[in-house]
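So you can see what is in the structure, the chains are spelled out below.
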Amino acid sequence: MKAPLAALVLAAIAMAPMTACVDDGTDDAATEDTADLESTLPDMDDSKSDVAWIDFRALKNQINNIVQTFSATTGARYYATPELALANIEQTLRARGIANPRSATFVGYLATMPIPLNWHHSEFLIRGAVDTATGKVAKLGKRTVGDPNGAGVFDDQALTKPISPKMCMNWSMLEAAVRASYLRGTYSVDFVCHNDAMAVLKALRVAPEYFQNKVGGWKLAHYAYGPRASSGLSKDPARWQTTALCNNAAVQRSGL
């Protein structure tokens, strides 16, 4: 019975008008239809689920229709390689009083903003760093984004709101997250913003599935672009290394 419902929902989305980048709440029917489509897809943790009924090409086409006119990075500086991004982070922290950036604790968040049809744009914020030995705090304002303007690190335009627990990283974790954000391929053909955010979370050993019901379009992006299997990582924030690293007095006082 799932296939006819999915086909109906896809048809409804295809007919929905695309007139704005931010959802103004006026297209309630299309919003409900998008949520209905997401609800028909199997849970990512169900390894025995039947996915043969899903038309992945149609799903990807509809996602493309939703996201192709949206950008969260217009006018923002883009760092074309992870090496350039990491070098800028290190240089910025030194200029702001953290003498040894590679010994700092970095603070980040998964963040979102609404776009049409009950979807969200998602990205990972790299808010700043703390020298836990001296208590020195330096803001960074960087973010990892998958966008028409590229995949990787951009300067922060403060468009999104954090929705995750505070996530803390040492330098090696930060480096892994930054490198993971540079997805290969073409936006809306091979990935969308959610896939970039998922890649960063997995690099940090944080389960993307934890956010499945918190981010519109998260599950659809999983199925359209992959991976279509559970990460196998813990969905309990208390067990994440990013949580443990935040349990530091200097980090908690930092305001990041």
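Above this note sits the structure.
Residues numbered from 1 in each chain as written. Predicted model: local features only at pLDDT ≥ 70, side-chain atom pairs only at ≥ 80, totals over all residues. Heavy atoms only, no water.

## Let's talk about unusual backbone geometry
So, step 1. The omega torsion across Gly-226 and Pro-227 is -5 degrees, close enough to zero to call that bond cis.
So, step 2. With respect to the element layout, Pro-227 can be found in the loop between α7 (218-225) and α8 (241-246).
So, step 3. The backbone of Ala-158 shows a phi angle near 55 degrees, a positive value even though the residue is not glycine.
So, step 4. Look at Ala-158 and you get exposed, because its relative accessible area is 62%.
So, step 5. Not every positive phi belongs to a glycine, and Arg-205 is a case in point at roughly 65 degrees.
So, step 6. The topology assignment puts Arg-205 in the loop between α6 (193-203) and α7. (Helix = DSSP H or I, 4+ residues; strand = E, 2+ residues; numbered from the N terminus. Buried < 20%, exposed > 50% of the residue type's maximum accessible area, 1.4 Å probe, protein only.)

## Description of the nonpolar core
So, step 1. Counting residues in each nonpolar core, the largest one holds 49 residues, and the members touching the most others are Phe-106, Leu-174 and Phe-211.
So, step 2. Residues within four places of Phe-106 in sequence aside, it is in contact with Ile-89, Leu-93, Pro-101, Gly-128, Ala-129, Leu-140, Met-167, Cys-168, Met-169, Asn-170, Trp-171 and Leu-174.
So, step 3. Cys-168, Cys-246, Ala-250 and Leu-256 belong to the second-largest nonpolar core, a separate cluster that totals eight residues. (Core = buried A, V, L, I, M, F, W, Y, C linked by side-chain atoms within 4.5 Å. Contact = heavy atoms within 4.5 Å.)

## Describing the packing of aromatic side chains
So, step 1. Under the criterion given, the structure shown has eight aromatic pairs.
So, step 2. The structure contains a cluster of three or more aromatic residues connected by ring pairs, namely Tyr-210, Phe-211, Trp-218 and Trp-240. (Phe/Tyr/Trp six-rings, centres within 6.5 Å; stacked < 30°, edge-to-face > 60°.)

## Let's talk about the environment of Met-198
So, step 1. Turning to its location among the elements, Met-198 is positioned in helix α6.
So, step 2. By relative accessible area, Met-198 is classed as buried at 3%.
So, step 3. Considered as a pair, Met-198 and Glu-123 are 75 residues apart in the sequence and their alpha carbons are 9.0 Å apart.
So, step 4. Met-198 has contacts with Pro-208, Trp-218, Ala-221 and His-222, leaving out every residue within four places of it along the chain.

## Some thoughts on the pattern of salt bridges
So, step 1. In this structure the tally under the stated criterion is six salt bridges.
So, step 2. A salt bridge links Glu-90 to Arg-102, with the shortest nitrogen-to-oxygen separation between them at 3.1 Å. Of the two residues, Glu-90 is situated in helix α4 (residues 82-95) and Arg-102 in the loop between α4 and β2 (105-115); the sequence distance between them amounts to twelve residues.
So, step 3. Taking relative accessible area as the criterion, Glu-90 reaches 13% and is therefore assigned buried.
So, step 4. Arg-179 is the salt-bridge partner of Glu-175, the closest N and O atoms lying 3.2 Å from each other. Here Glu-175 pairs with Arg-179, and both are found in helix α5 (residues 171-180), just four residues apart, close to one helical turn.
So, step 5. On the basis of relative accessible area, Glu-175 is assigned to the partly exposed category, the value being 26%.
So, step 6. Among the ionic contacts, a cluster of salt bridges with common partners joins Glu-83, Glu-175 and Arg-179. (Salt bridge = Lys/Arg side-chain N within 4 Å of Asp/Glu carboxyl O.)

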